[in-house]
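Here's the letter readout for the chains.
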Amino acid sequence: MNTTSLRRALVPGITAATLALAISACGAANEEPSGSDGEGTLSGTIKGGGASSQEKGQAAWVAGIQDANPDLSVVYEPVGSGSGREGFITGGYLFAGTDSALNDDEGELTKAKEQCGADPIQVPAYVSPIAVVFNVEGVDELNLDPKTLAGIFSGKITKWNDPAIAATNPDAKLPDSAITPVHRSDDSGTQENFTEYLAAAGGWAEEPSGEWPASIKGGEGGDGTAGVVTAMQGAGYIGFMDESAARENDLATVKVQVGEEFVAPSAEAASKILAASKSVGTSDNDMAVEVARTTTEAGVYPVVLVSYLLACPTYENAEDAANVKGYLEYILSEEGQETASEDAGSAPLDREIADKALELVGAIK
Amino acid sequence: MSNTDLSNEETKLSHATLPRGAQWLVGVAAVALGGLALVLGMGIVGAAVIGLLGFLIGYPLWALLVENRRSATDKLVTGLVWTAFAVAVIPLIWLVYTVVSRGAATLSPEFLTYSMRSVTGDEQGGLYHALMGTLIVTGIAAVISIPIGIMTAIYLIEYGKGNRLAKTITFLVDVMTGIPSIVAGLFAFALFTLLVGPGTRFGFGGGVALSLLMIPTVVRSTEEMLKLVPDDLREAAYALGVPKWRTITKMVLPTAIGGIVTGVVLSISRVIGETAPLLVASGFNPNLNTSPFEDSPMMTVPVFIYTQLSEATAKGVEYAWGGALVLFILVMVLNLIARIVGTIFAPKTGR
Amino acid sequence: MTVAADPGADPGVDTKSELSGRGSMGDVVFRGIAVIAATLIMVALAAVFIFLGIEGIPGFSVDEQHYAGQGSFLGLVVPLLYATMYAAVLALIVAVPFSVAIALFISHYAPRRIATPVAYVIDLLAAVPSVVFGLWGAVVLGPYLVPTHAWLSENLAWLPFFDGQPSGNGRTLFTASIVLAVMILPIITSICREVFAQTPRLHEEAALALGATRWEMVRYAVFPYARSGMVSAVMLGLGRALGETMAIAMIVSPKVLISLFIIGTNNPETIAAHIAQGYKESTPDRLSVLIATGLVLFAFTFLVNALARWIVARGRAK
């Protein structure tokens, strides 16, 4: 009797285990090689990582290049810019994405040079407009100048009917309610670029940084873009996020003053910013720029995130070199930039700049 | 219950009592009061609160007037207990309803068989990779925890009775039940960072983290079951000259097997939904990965839910609900299995 | 429960192995396995301390930029620990009365045919994954409670918990503690229920026979008997609430601070939520800080649990 009850316990267990094995033996339905539609010849696996701001763009690019080269696997780990640069320097990542250009403030450039054996390649790859979003009852359009924005986010302007806001919005019915500015509670490239903008154009007193300054009281912190998006359900809230996220969630966006006019965030207006920016590259391989946040040029949207790609000019392994070169060339190509624009809402690179970047990347061997 | 009848009769001898069905009378009055509040524009929640308060105050008050203070207190507490039950049930039903209704909209064959590899924009994706990951990681946790847990329980009940080691272990198991799940994840992460390399996140790490959470529950439930095995059985076996280990494996364990299996299945259902340790220890991955020992992240359903919500897109939220429903079903199925196992093996006699 | 297996066990095996050599080898091996398994638990707990220590101790003294703007490890961990306790206590305040009431409902008030399914459903809820609770709290309950926040701040502002500008989106500790309460409710309920059900029937009947009302019976016969069990149930709930990560991380808009105010836009951040939100984009230094806070959380819950066991053991001894 006892043995039978033991057996009775075992049999379903074994069945379940075999079933699980049988299921796990076959792959995901959409992962089976789709056959002939990819004609690329690249094969192997390359791993990179870094800025999570590029995550959606990278997902689009990875999908694109894997479709074209069925034998190639590209992995991009969104571990953050700092860890991405670190991984690149130590050779863990063959390429990396970073929101702030590699420089020698902490000796990173020198170390990267040692790792690569030459000046590392640094090219802008992902430009994304940052939308300032708001949720105020009865207000559909809002024009703000950089100074007012800085005032709102630093907690100095606390009411929606503040004269500074009314001045640029004479027709809006601004309520006498409190403003809750939403920032990111985590370390974020979007936040770093946004505060850079506020500092350059709006007299923001704090040091621009990916982490929100602890000295500012009030406001609300959201964890990740999702945290900010859910926080924005509250009436009287104002925040910032990738323009694509704002569009996806139907949030109203602020038009930002540039020169004499007010510009809405758009991929088009954002892509013009690089051409207007000054190069601060440290070598011929370095295309880092200082983004022209204070531009007064018409139709340019200066609240953008510019994110770079890092790669070595030479790799020891020829297959790695070919794969990295192929992947980066795809990213910078017109097709790659279009794909990211569609899927991630980024601004396609100005072709002139992209062509220059392609030249650098094309020399990888 | 005969007791209550008795006491009622007794009170009847000396006191006036409320008429039969008094609670229904008050109830109807309370509903009317709530209805009035609703008509006056209080909103549904406000009206419900008013009606409830009306009942909670009115019924004891009446009892106070007609009967006595003690009876009024009794009525008040009874009302409160019922109210507490009703109020606590609201969020629970609400939660289940939301998960089922919003999740069902997302569930489809594609959702169950696709992974998120190369899925961008509005393309169809799924959680197949996460489902496989969850089965593998939980399987690893079970393979580690079940033998350790059951053998520990055997030691505590059959061998260690009351000695110092057993007392320490019992204490540690109790403490272990209280380990915050994220600490278990950090432990696995720290362990494999040292053993394998910095930033190692893989399926086995997740399994180790979960087993740390699972072992104490397996020990506790097995212990309870072994305690229920009558001593006569053991003594009878010893008297026949059966060695102790044979007694345990042939007599004690088979007798308790139903309860043990139920406990094990329930402990699996507890860890299968753990998120934080897996987020830290096994990471996330849009691709299917079925090799837990390879140094590459493995997706699991709870982490899938979390990362989909983090996407901050309408589709992401939808997928998060879909994942929540799948996880919910997994847990319910495991609980059901535990129930069935429990009834199949339940001792045929007594209780 | 200690009735079982008291006398005969150990002497039994000794006489046995003396009588026949056949079983002794098996016995030694089997016993050995059992001892090893039991010792493994000690090893595992020690390993948790050791490995968190190895990876975390450097985090006590890294460059001050890694302490989320708080300047030092203490500056970071004290507010985090405060928030962890605060959230757990809030959840207990909500959950305990309900749990006890529901346990009473099941054991003494409800008719049997209602009580059994209710008990089953409550048990089932203990198994609902925390990430599902988090999702529900963040997407459904939070927005729903916004008017409640406004009402609290208007009418109960004389309490420090509600004194200030209310949140407009419900991503607050107030919402989170309700969700936490719902999460720990099944745990406390099921233990309380068991203890209540174990009250000797004779005590209850004696009370009723003396003319006690049902409430008086519960108060004078059930509660005194169940006191230590209830304490241990509450402590278990506290332990769960202290360690809960996802629900809080998904619901609350956090900030590292010490404050009693629970319905505003900045809410004290708990240790577990801080780790969950920070681990993803982390440099090695930052990671070691996070692991160090994890070590503190572990040590703290260890103490709370040990204290709980001690209280229960003392209660039992009396």
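Residues numbered from 1 in each chain as written. Chains lettered and ligands numbered in written order. Predicted model: local features only at pLDDT ≥ 70, side-chain atom pairs only at ≥ 80, totals over all residues.

*Asks:* Please clarify how the overall build of chain C should be interpreted in this entry.
*Replies:* Helix and strand counts for chain C come out as 12 helices and 2 strands. Its helices and strands taken in sequence order, chain C reads α-α-α-α-α-α-α-α-α-α-β-β-α-α from the N to the C terminus. Judged by the C-alpha coordinates and their principal axes, chain C covers about 75 × 60 × 35 Å. A burial count over chain C gives 54% of its 318 residues as buried. The long-range fraction of contacts in chain C, counting pairs at least 24 apart against all pairs at least 6 apart in sequence, stands at 78%. (Helix = DSSP H or I, 4+ residues; strand = E, 2+ residues; numbered from the N terminus. Buried ≥ 20, exposed ≤ 12 C-beta atoms within 10 Å, placed from the backbone. Contact = placed C-beta atoms within 7 Å.)

*Asks:* I would appreciate a short explanation of the overall build of chain A in the present structure.
*Replies:* Helix and strand counts for chain A stand at 13 helices and 13 strands. Overall, the C-alpha framework of chain A stretches about 80 × 65 × 40 Å when taken along its three principal axes. Restricting to contacts in chain A with at least 6 residues of sequence separation, those with at least 24 account for 73%.

*Asks:* Help me understand the nonpolar core in this model?
*Replies:* Inside soluble globular proteins, nonpolar side chains tend to come together where they are buried. Residues Phe187(B), Ala87(C) and Leu135(C) are the most contacted members of the largest nonpolar core, which totals 308 residues. By size, the runner-up hydrophobic cluster in this structure holds 5 residues, among which are Val26(B), Ala30(B), Phe55(B) and Tyr59(B). (Core = buried A, V, L, I, M, F, W, Y, C linked by C-beta atoms within 7 Å.)

*Asks:* Explain the interface of chain B and chain C here, please?
*Replies:* Across the contact, 83 residues belong to chain B and 79 residues belong to chain C. In terms of residue class, the side of chain B that touches chain C is made up of 55 nonpolar, 15 polar and 13 charged. (Nonpolar A, V, L, I, M, F, W, Y, C, P; charged D, E, K, R; others polar.)

*Asks:* Would you explain the environment of Gly234(A) in this entry?
*Replies:* Looking at where Gly234(A) falls in the secondary structure, it is placed in the loop between helix H8 (224-231) and strand E8 (237-242). The exposure class of Gly234(A) is buried, given the 24 C-beta atoms found within 10 Å. Taking the C-alpha atoms as reference, Gly234(A) lies 51 Å from Tyr315(A); in sequence the two are 81 residues apart. Those residues in contact with Gly234(A) that lie beyond four places of it in its chain are Asn135(A), Thr180(A), Ser167(C), Gly168(C) and Asn169(C).

*Asks:* What is the right way to read the UniProt feature "transmembrane region" (unreviewed entry) in chain C from this model?
*Replies:* Annotation from UniProt places "transmembrane region" (unreviewed entry) at residues 28-53, 73-106, 118-146, 173-192 and 289-312 of chain C. Secondary structure within residues 118-146 of chain C divides into 83% helix and 0% strand; the distance between the first and last C-alpha atoms comes to 30 Å. (UniProt positions renumbered as here; feature names shortened; annotations may be inferred.)

*Asks:* Would you explain helix H7 (residues 173-197) of chain C in this entry?
*Replies:* Residue pairs three or four apart in sequence face the same way in an α-helix, which turns once every 3.6 residues. The terminal C-alpha atoms of H7(C) lie 35 Å apart, and with 25 residues this matches the ideal 36 Å at 1.5 Å per residue to within 8%. Its axis deflected by about 35 degrees at Ile184(C), H7(C) carries its strongest bend there, up to four residues before the proline Pro186(C). (Expected span 1.5 Å × (residues − 1). Bend = angle between axes of the 7 residues up to and from the residue.)

*Asks:* What's the story with the domain arrangement of chain C in this structure? I'm lost.
*Replies:* One frequently used descriptor of interface size is the decrease in accessible area upon assembly of the parts. The domain architecture assigned to chain C consists of domain 1 (9-52) and domain 2 (65-317). The straight-line distance from the C-alpha centre of domain 1 of chain C to that of domain 2 of chain C is 38 Å. (Domains from an automatic or database assignment.)

*Asks:* Before we go on, may I ask you to explain the domain arrangement of chain A in this structure?
*Replies:* Residues and elements named next belong to chain A. For chain A, the domain assignment lists domain 1 (44-128 + 270-291 + 302-363) and domain 2 (130-268). Using C-alpha coordinates to define each centre, domain 1 is positioned 29 Å away from domain 2. With 20 residues of domain 1 in contact, the opposing surface of domain 2 contributes 20 residues. The set of elements that each furnish at least two residues to the side of domain 1 that touches domain 2 consists of helix H10 (267-271), strand E13 (304-311) and helix H12 (334-344). With 3 residues, E13 is the largest single contributor of residues to the side of domain 1 that touches domain 2. Counted by class, the side of domain 1 that touches domain 2 contains 9 nonpolar, 10 polar and 1 charged residues.

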